[in-house]
Amino acid sequence: MIQSDLDLFGPSPQRLAAQTVLLPGFVLPQVETLLDDLRPILRAAPFRHMRTPGGQAMAVALTNCGSLGWVSDQQGYRYSTHDPLTQQPWPALPESFLQVARNAAETAGFDDFTPDACLINHYLADTKLSLHQDHDENDFAHPIVSISLGLPAVFLFGGMQRKDPTQRIALNHGDVLVWGGEDRLRFHGVMPVKPGTHPRMGARRINLTLRRAG
Ligand code: MD3
Ligand code: FE
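To keep things clear, this report deals only with the structure shown in the data block. (Residues numbered from 1 in each chain as written. Chains lettered and ligands numbered in written order. Predicted model: local features only at pLDDT ≥ 70, side-chain atom pairs only at ≥ 80, totals over all residues. Heavy atoms only, no water.)

Glancing now at the pattern of salt bridges. It is possible for side chains bearing opposite charge to pair when their charged atoms get close. On inspection of all chains with the given rule, the structure shows 10 salt bridges. Arg-211 is the partner of Asp-134 in a salt bridge, and the nearest nitrogen-oxygen pair spans 3.1 Å. Placement of Asp-134 in the loop between strand E7 (129-132) and strand E8 (144-150) and of Arg-211 in strand E13 (residues 205-211) is noted, with a sequence separation of 77 residues between them. Across this residue pair, the class does not change: Asp-134 and Arg-211 are buried. Of the residues examined, Arg-211 reaches a relative accessible area of 5% and is grouped as buried. Among the charged side chains, a network of salt bridges with common partners joins Asp-134, Glu-137, Arg-184 and Arg-211. (Salt bridge = Lys/Arg side-chain N within 4 Å of Asp/Glu carboxyl O. Helix = DSSP H or I, 4+ residues; strand = E, 2+ residues; numbered from the N terminus. Buried < 20%, exposed > 50% of the residue type's maximum accessible area, 1.4 Å probe, protein only.)

Laid out in structure tokens, this is it:
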């Protein structure tokens with residue numbers, strides 16, 4: 001078919017599991033707006049390597065925006081209203097992040113998603129994120145929306161137990177992944193990012209995960 005050969009409307013959503021949907025290129029039209037809104041957030045709350053409760057510096061650097069931000073230190077993993085680096089409240093969630101998150105969630109079949117937290121992860125070449133579950137949020141009924149920017153990554157999509165087999169899924173610049181419902185507590189991770197230079201983002205990958213944490 002001519003239309004799909006030319007791919008005029010971009011690739012279609014891909015259902016990876018019962019309640020997990022990949023939206024390839026979903027935020028490409030909004031990338032410049034998202035980056036404009038990201039810049040002041042990073043000035044107020046720069047990327048930093050938090051320590052795991054065990055005392056190790058995390059490979060991924062992170063920051064947050066929204067009324068709650070995910071933090072890790074010797075006391076454990078939790079959400080906090082304030083940035084431990086500056087002791088200021090986290091920067092507000094920009095309207096552009098809220099809109100994209102709501103639209104992506106709706107496209108994936110989750111209505112009325114209103115995030116209150118955005119975890120912003122920064123990966124350089126060779127940075128990986130080990131297999132884990134996201135279980136620090138109050139109510140697992142809410143989905144999570146993940147926005148990938150910059151260098152491509154292979155994410156590991158596992159099952160409900162650490163030992164379950166994992167699928168490998170490519171995540172590219174502009175892709176959005178939405179998961180909720182029965183997939184909300186799946187184990188997942190990110191393979192080491194391959195060295196490279198993204199034409200817009202340079203030698204990095206940034207991932208925004210929008211959540212309702214409180
Ligand atoms: C969750 N971030 O911040 S998001 C995290 O790309 C995190 O920075 C990763 O995991 C990142 O907690 C991955 C993508 C993702 C993909 C599939 C999942 C998260 C998932 C499936 C089930 C649960
Ligand atoms: Fe996660």
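The discussion continues.
Take the coordination of the iron ion (ligand 2) next. Coordination of the iron ion (ligand 2) by the protein is provided by His-132 (NE2), Asp-134 (OD) and His-188 (NE2), with metal-donor distances spanning 2.0 to 2.2 Å. Expressed as a motif, the donor residue spacing for the iron ion (ligand 2) is H-x1-D-x53-H. Its relative accessible area of 6% is what places Asp-134 among the buried residues. (Donors = N, O, S within 2.8 Å, 3.2 Å for Na, K, Ca; no water.)

What follows is about the sheet that holds E13. On the basis of which strands lie adjacent, the open sheet formed by seven strands has the order E1-E2-E11-E8-E13-E6-E3 and antiparallel pairing. Strands with a single pairing partner mark the edges of an open sheet, and in this sheet they are strand E1 (14-17) and strand E3 (61-66). Ignoring which end each strand starts from, the neighbouring axes of this sheet average 20 degrees apart. Relative to E3, helix H2 (residues 31-44) is tilted by about 100 degrees, and along the sheet it contacts E3, strand E6 (117-123), E8 and E13. Where helix H3 (residues 95-107) meets the sheet, it contacts strand E2 (20-23), E3, E6, E8, strand E11 (176-179) and E13, and its direction lies at approximately 115 degrees from that of E8. (Pairing = 2+ DSSP bridges. Axes fitted to C-alpha atoms, helices over the stretch in contact; angles between N-to-C directions. Contact = heavy atoms within 4.5 Å.)

Our next topic: the nonpolar core. With 29 residues, the main nonpolar core has Phe-97, Val-145 and Leu-210 as its most contacted residues. Those elements giving two or more residues to this core turn out to be E2, H2, H3, E6, E8, E11 and E13. Once residues lying within four places of it in the same chain are set aside, the contact partners of Phe-97 are Leu-34, Asp-37, Leu-38, Ile-41, Cys-65, Cys-118, Leu-208 and Leu-210. Of all hydrophobic cores here, the second largest spans 17 residues; its members include Phe-155, Ile-169, Leu-171 and Val-190. (Core = buried A, V, L, I, M, F, W, Y, C linked by side-chain atoms within 4.5 Å.)

Running from N to C, H2 and H3 cross one another at 130 degrees; their axes reach a closest spacing of 9 Å. Classified by the angle their axes make, H2 and H3 are oblique. Contacts between H2 and H3 involve Thr-33, Leu-34, Asp-37, Leu-38 and Ile-41 from the former and Ser-96, Phe-97 and Val-100 from the latter. By residue class, the composition of the contact of H2 with H3 is five nonpolar, two polar and one charged. (Parallel < 35°, antiparallel > 145°, perpendicular 65-115°, else oblique. Nonpolar A, V, L, I, M, F, W, Y, C, P; charged D, E, K, R; others polar.)

Inspection of every chain in the model, using the stated rule, returns two aromatic pairs. Taken together, a centroid distance of 5.4 Å and an interplanar angle of 20 degrees make the contact between Trp-70 and Tyr-77 stacked. Since its relative accessible area comes to 10%, Trp-70 is described here as buried. Geometrically, the ring pair formed by Phe-155 and Phe-157 is edge-to-face, given 5.8 Å between the ring centres and 70 degrees between the ring planes. Of the two residues, Phe-155 and Phe-157, neither departs from the other in class, the shared state being buried. Over the ring of Tyr-123 we find Arg-205, and its NZ or CZ is 5.0 Å from the ring centre. (Phe/Tyr/Trp six-rings, centres within 6.5 Å; stacked < 30°, edge-to-face > 60°. Lys NZ or Arg CZ within 6 Å of the ring centre and 35° of its normal.)

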